[in-house]
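Given next are the chains, with one letter for each unit.
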Amino acid sequence: MNTQLLTTRPGVRRSSRGAANPFKGQHRRRLLRADLLTVLFWASLAGAVALWLADGGASGFRTPAGSFTALGIVAGLAGMDLVLLMLLLAARLPFIDGALGHDRALEVHRKLGKPALYLLLAHGILIAIGFGMAEGLDPVTEAVNLWVQVPDMWLAYVSVVLFIAVVVTSLVAVRRRFPYEFWYAVHLLTYAAVLTAIPHQFSVGGLFAPGTWQRWYWLAACMGTGAVLLHNRVLEPIVATTRHKLTVSRVVRVAPGVVSIEMTGRHLDELSGAGGRFFIWRFLAPGMWWPPHPFSLSAEPLQLGASGSLRITVRNLGRGSSQLAGLKRGTRVAIEGPYGLFSTAARSRNHVVMIGAGIGITPIRALLESTPFTPGNATVILRGHSEKELYLGKEIMDLCQRRGATLYHLTGRRPAGVETWLPADAARSGYRLGSYVPNITEADVYVCGPASWAQNVLKDARAAGVRNEQLHYERFDW
């Protein structure tokens, strides 16, 4: 059967309109934080240009050579400012993660890559033209002179090459040609690119001359960004790993190619409410400690006395994840997180709809367990080619019955040549998301599954009148 209603709501469904909404305040605060980040973004760019203006930079436009040089300096300041913003977006700051979510922060991070590179290239080209015009040299000759004669300038050239390598390897088409570990290692060149770009900023020209407030401002921006990265990307994971002392307790087969990894540790009550969010796991076993694994919890952490347990459920989707089925009991685990907004922190409405497909069902199970709702105010839709692909389906059914949520199993393949998230029978019968959730416009909608399938769900939800602020999508192909 393609569409199956497996639980019924106790009582009568009531509209959330007019009812007290405990999520309204947190939603408003999250939007305000997002707006504040936008203001800070533009303020940082304006501040970078203001450094130059306060130093009398506008006077450079009096001559053609000075105009090229002035534009080159502005491009360099703006480009480097964007690079610092990119690093902060990737630093996994709780403030940014809680306002934008990890996926959206990385999306903005990637979008800034090309503009930052273009500005830095423009900086070099315009400076070479401006200085060359002033000395009666062509840009190529002037560029060579800068490399040979100006202290630290060769490091700036190396920096540009490294930035080009980072941007090129970040392109989706290129990333798919190499394993994740290769891309991850190359992406670390961003830090080398920044470090090699900094020296010439302070040793060349007078804008950041010793004793100027511009110098202190730029030093604070660079050092502050470095400190944030060091704290969040290095120190915090070490502290979390040391504090929680996670070890593998057992590996349980869920379905062909799918296993649940259960772990025990300490102070896991501190991770409560993280159901649906993801952590980055490193299993410290021979040959397995290097690859980072971004997996969501598939069950809320359970604290029993001094120790506790938590669980992730993973599917064999590649060489790295296939090794996890062979993990031995007692294997130590390094942990980072939690990250993302696939949790109660993103709620804005009383009613909640959770839709999952394939291995994307497992965060839905954890979210169902942890997010608050009254009986009749939650709907769960699980999608798979067959019942066997509805992973953890029995646990989800028990949770729905206990908590008073409606559960649908939608099984069967999608119709050929049709963009839909529904099985063929339901699609041909004209079913839409609103067919299963009539009051969908009053709900928060959480979606987790393969990227193309999830986009079809989101498209259906928007067509039904659901606003973007109510849609919460956990990207499946991190």
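For the structure, see preceding data.
No experiment lies behind these values; they were computed from the predicted model shown. (Residues numbered from 1 in each chain as written. Predicted model: local features only at pLDDT ≥ 70, side-chain atom pairs only at ≥ 80, totals over all residues. Heavy atoms only, no water.)

### Quick notes on the overall build of the protein chain
Part 1 of the reasoning: When helices and strands are counted, the protein chain shows 16 helices and twelve strands.
Part 2 of the reasoning: Judged by the C-alpha coordinates and their principal axes, the protein chain covers about 80 × 50 × 45 Å.
Part 3 of the reasoning: Taking all 478 residues of the protein chain together, the buried fraction comes to 49%.
Part 4 of the reasoning: Looking at the protein chain alone, contacts between residues at least 24 apart form 75% of all its contacts between residues at least 6 apart.
Part 5 of the reasoning: Accessible surface computed for the protein chain: about 22600 Å², of which carbon and sulfur atoms make up 62%.
Part 6 of the reasoning: Within the protein chain, the 30 negative side-chain charges are centred at a point lying 7 Å from the centre of the 49 positive side-chain charges. (Helix = DSSP H or I, 4+ residues; strand = E, 2+ residues; numbered from the N terminus. Buried < 20%, exposed > 50% of the residue type's maximum accessible area, 1.4 Å probe, protein only. Contact = heavy atoms within 4.5 Å. Areas by Shrake-Rupley, 256 points an atom, 1.4 Å probe, with all protein chains shown as cover. Lys, Arg positive; Asp, Glu negative; His and termini not counted. Charge placed at Lys NZ, Arg CZ, Asp CG, Glu CD.)

### Here we look at the side chain of Glu336
Part 1 of the reasoning: Inspection of the secondary structure assignment puts Glu336 in strand 7 (residues 332-339).
Part 2 of the reasoning: One polar contact links Glu336 to Arg282, side chain to side chain, over a distance of 3.1 Å.
Part 3 of the reasoning: Once residues lying within four places of it in the same chain are set aside, the contact partners of Glu336 are Arg92, Pro237, Phe279, Ile280 and Arg282. (Polar contact = N/O pair within 3.5 Å; in protein donor to acceptor, adjacent residues only side chain to side chain.)

### Digging into the pattern of salt bridges
Part 1 of the reasoning: According to the stated counting rule, one finds 15 salt bridges in the structure shown.
Part 2 of the reasoning: A salt bridge links Asp398 to Lys394, with the shortest nitrogen-to-oxygen separation between them at 2.9 Å. Of the two residues, Asp398 and Lys394 both sit in helix 13 (residues 393-403), four residues apart, roughly one turn of that helix.
Part 3 of the reasoning: A residue is classified by how much of its surface remains accessible, and Lys394, at 57% relative accessible area, is exposed.
Part 4 of the reasoning: Overlapping salt bridges, with partners in common, bring together Arg311, Arg365, Glu369 and Glu395 in one network. (Salt bridge = Lys/Arg side-chain N within 4 Å of Asp/Glu carboxyl O.)

### Looking at unusual backbone geometry
Part 1 of the reasoning: Going from Gly337 to Pro338, the amide bond is cis rather than trans, its omega being 10 degrees.
Part 2 of the reasoning: Here Pro338 is to be found in strand 7.
Part 3 of the reasoning: Positioned with a positive phi, Asp152 is a non-glycine residue whose angle comes to about 70 degrees.
Part 4 of the reasoning: In this fold, Asp152 is placed in the loop between helix 5 (139-149) and helix 6 (153-170).
Part 5 of the reasoning: Positive phi values are uncommon outside glycine, yet Leu392 reaches one of about 60 degrees.

### Regarding the nonpolar core
Part 1 of the reasoning: Residues Leu82, Leu100, Leu112, Phe163, Val194, Phe208 and Trp218 are the most contacted members of the largest nonpolar core, which totals 40 residues.
Part 2 of the reasoning: Sorting the residues of this core by element identifies helix 1 (24-54), helix 2 (64-89), helix 3 (94-100), helix 4 (102-135), helix 6, helix 9 (189-203) and helix 10 (213-244) as the ones contributing at least two each.
Part 3 of the reasoning: Among the elements that make up this core, the one with the highest residue count is helix 2 (eleven residues).
Part 4 of the reasoning: Leave out the neighbours within four places in its chain, and Phe163 touches Val83, Leu117, Leu120, Ala193 and Val194. (Core = buried A, V, L, I, M, F, W, Y, C linked by side-chain atoms within 4.5 Å.)

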